[in-house]
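Residues per chain, in single letters:
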Amino acid sequence: MKIGIIGMGHVGATLAYTLCLQGLAETLILIDTNEAKVQAEYLELSDAVKNLDHDVKLVKNDYAALVDAALVVFCAGDITVLETATDRLAELRVTSKIVAAIAPKLQASGFSGLVISITNPCDVIALYLANLTGFDKAKVIGSGTLIDTNRLKNRAGREDVLVIGEHGESQVALNVTPDIEKQATGTGWEIYAAKHHTAFGIASSVACIIRVLKTDTRELLPVSSYDEVENCYYATLTELTLENGVVQRVLPSLNNLETDRLTQSIQTIKRNYLEI
């Protein structure tokens, strides 16, 4: 599979390394405005690939190479914004400008595959990227609450839990106590406080999405996908294929409180979009 990664910061570089190790990409196209960073990652990944039992072709900063790529992962951003902020929305003023600069290049490349957007605020940026590129919204998804669901599973010590709605403060955790939900929601901030970034969890979550797409298992994943009625991206269980993108969105059974909270989460995403 040929995969492009736009944005070679902590997440993009970790994802590239993960895809190499797991053999999920035959070709990786590494793109970033920081050419020295791309060159450094290219060199180090080239060293890493020599230790593997499979080959990975690496391409640097070539949008034209995306023309026949199956996937593009959009993770361009600026994590330093959070050094003086306390919420993911603070990134929007910066990341929306980054999207506006990159979308025309992605569109002009002739790329026609599936886009996985990681950049925060995830749901807002997924919609903005889809709108600016004009791509079919079924073929643009956000990484959504897969990472949040993993964090909830770890905090709850159970597998039968799920997070839907916004990848952000208004997310809705199902089948857990408020205390466990609070712990899980704070996990990203706890990691950031010590490391000043998060990368392993989200990179492996995106690798999981790519594995499901590549193997065509049709496994339902809590990714951010487009709701035509709401004109909004938010996470719910979603069936995906590499060819068509979103095949179906499946909303789990919710009680009245969970339904109200999901409605509020969707409204939060919509309000945030209007801040662009």
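Please refer to the structure higher up on the page.
Described below are features of the structure shown in this document. Worth saying up front: this structure is predicted, and the values here are computed from it rather than measured.

Analysis parameters
Residues numbered from 1 in each chain as written. Predicted model: local features only at pLDDT ≥ 70, side-chain atom pairs only at ≥ 80, totals over all residues. Heavy atoms only, no water. Helix = DSSP H or I, 4+ residues; strand = E, 2+ residues; numbered from the N terminus. Rg over C-alpha atoms; globule rule 2.2 N^0.38 Å. Buried < 20%, exposed > 50% of the residue type's maximum accessible area, 1.4 Å probe, protein only. Contact = heavy atoms within 4.5 Å. Areas by Shrake-Rupley, 256 points an atom, 1.4 Å probe, with all protein chains shown as cover. Lys, Arg positive; Asp, Glu negative; His and termini not counted. Charge placed at Lys NZ, Arg CZ, Asp CG, Glu CD. Core = buried A, V, L, I, M, F, W, Y, C linked by side-chain atoms within 4.5 Å. Pairing = 2+ DSSP bridges. Arc of directions from axis to C-beta. Salt bridge = Lys/Arg side-chain N within 4 Å of Asp/Glu carboxyl O. Disulfide = S-S within 2.5 Å. Expected span 1.5 Å × (residues − 1). Bend = angle between axes of the 7 residues up to and from the residue.

### Some points on the overall build of the protein
Within the protein, the secondary structure is distributed over nine helices and 11 strands. For 276 residues, the compact-globule estimate of 2.2 N^0.38 gives 19 Å, and the protein sits close to it at 18 Å. Within the protein, the proportion of its 276 residues that are buried is 54%. By sequence separation, contacts in the protein at least 24 residues apart represent 69% of the contacts at least 6 residues apart. Roughly 12300 Å² of accessible area belongs to the protein as shown, and the carbon and sulfur atoms make up 51% of that amount. The average position of the 24 basic charges and that of the 34 acidic charges among the side chains of the protein differ by 1 Å.

### Remarks on the environment of E91
By the secondary structure assignment, E91 is in the loop between strand 4 (71–74) and helix 3 (92–108). With 28 residues separating them in the primary sequence, E91 and T119 have C-alpha atoms 9.0 Å apart. When neighbours within four sequence positions are excluded, E91 is seen to be in contact with V81, L82 and N120.

### A look at the nonpolar core
Core analysis: the biggest nonpolar cluster contains 42 residues, and I3, L19, L28, I116, I209 and I210 have the highest contact counts within it. Of all the elements, helix 8 (residues 200–215) adds the most residues to this core, at nine residues. Core analysis: the second largest hydrophobic core is formed by 39 residues, A69, I125, Y234 and I269 among them.

### Observations concerning the pairing of strand 9 (residues 221–227)
In terms of burial, strand 9 is a largely internal element, seven of the seven residues being buried. The sheet contact formed by strand 9 and strand 10 (residues 232–241) spans seven bridges and is antiparallel. Following the sheet pairing, D227 is matched in strand 10 by C232.

### So, helix 7 (residues 187–195)
Because each turn of an α-helix spans 3.6 residues, side chains separated by three or four positions in sequence point in the same direction. Of the residues making up helix 7, those classed as buried are T187, G188 and Y192. Here the buried residues of helix 7 occupy an arc of 130° about the axis, which is enough to place them on one side. For helix 7, exposure combined with an orientation more than 90 degrees from the buried face picks out E190, A193 and A194. H196 sits one or two positions beyond helix 7 and adopts a positive phi of about 65°.

### Considerations on the pattern of salt bridges
Tallied over the full model, the rule gives 11 salt bridges. When the shortest N-O distance is used, the salt bridge between K2 and D68 registers 2.6 Å. Of this pair, K2 sits in strand 1 (residues 2–6) while D68 sits in the loop between strand 3 (57–60) and strand 4, placing them 66 residues apart in sequence. Residues D227 and R249 are paired through a salt bridge, measuring 3.8 Å at the closest nitrogen-oxygen approach. Taken together, the positions of D227 in strand 9 and R249 in strand 11 (residues 245–250) put the pair 22 residues apart, joining distant regions of the chain.

### A word on the pairing of strand 10
Buried residues dominate strand 10, accounting for 10 of its 10 residues. Hairpin connection of strand 9 to strand 10: four residues between the antiparallel strands, including N231 at a positive phi of 50°. The turn linking strand 10 back onto strand 11 is made up of three residues.

### Here's the deal with the state of the cysteines
As enumerated under the stated definition, the model contains zero disulfides in all. C20 takes part in no disulfide bond, and the closest cysteine sulfur to it belongs to C75, at a distance of 14 Å. A relative accessible area of 3% places C20 in the buried class. For C208, which is in no disulfide, the shortest distance to another cysteine sulfur is to C122 and amounts to 15 Å.

### Things to note about helix 3
The terminal C-alpha atoms of helix 3, which comprises 17 residues, lie 24 Å apart, in line with the 24 Å expected from a rise of 1.5 Å per residue. Remark: the principal bend of helix 3, roughly 30°, maps to I102, with a proline, P104, within the next four residues. The complete set of buried residues in helix 3 reads L92, T95, S96, V99, I102, A103 and L106. Elements that come into contact with the buried residues of helix 3 comprise strand 1, strand 4, helix 4 (122–133) and helix 9 (256–273). Looking one or two residues past helix 3, G110 carries a phi angle of roughly 85°, positive in sign.

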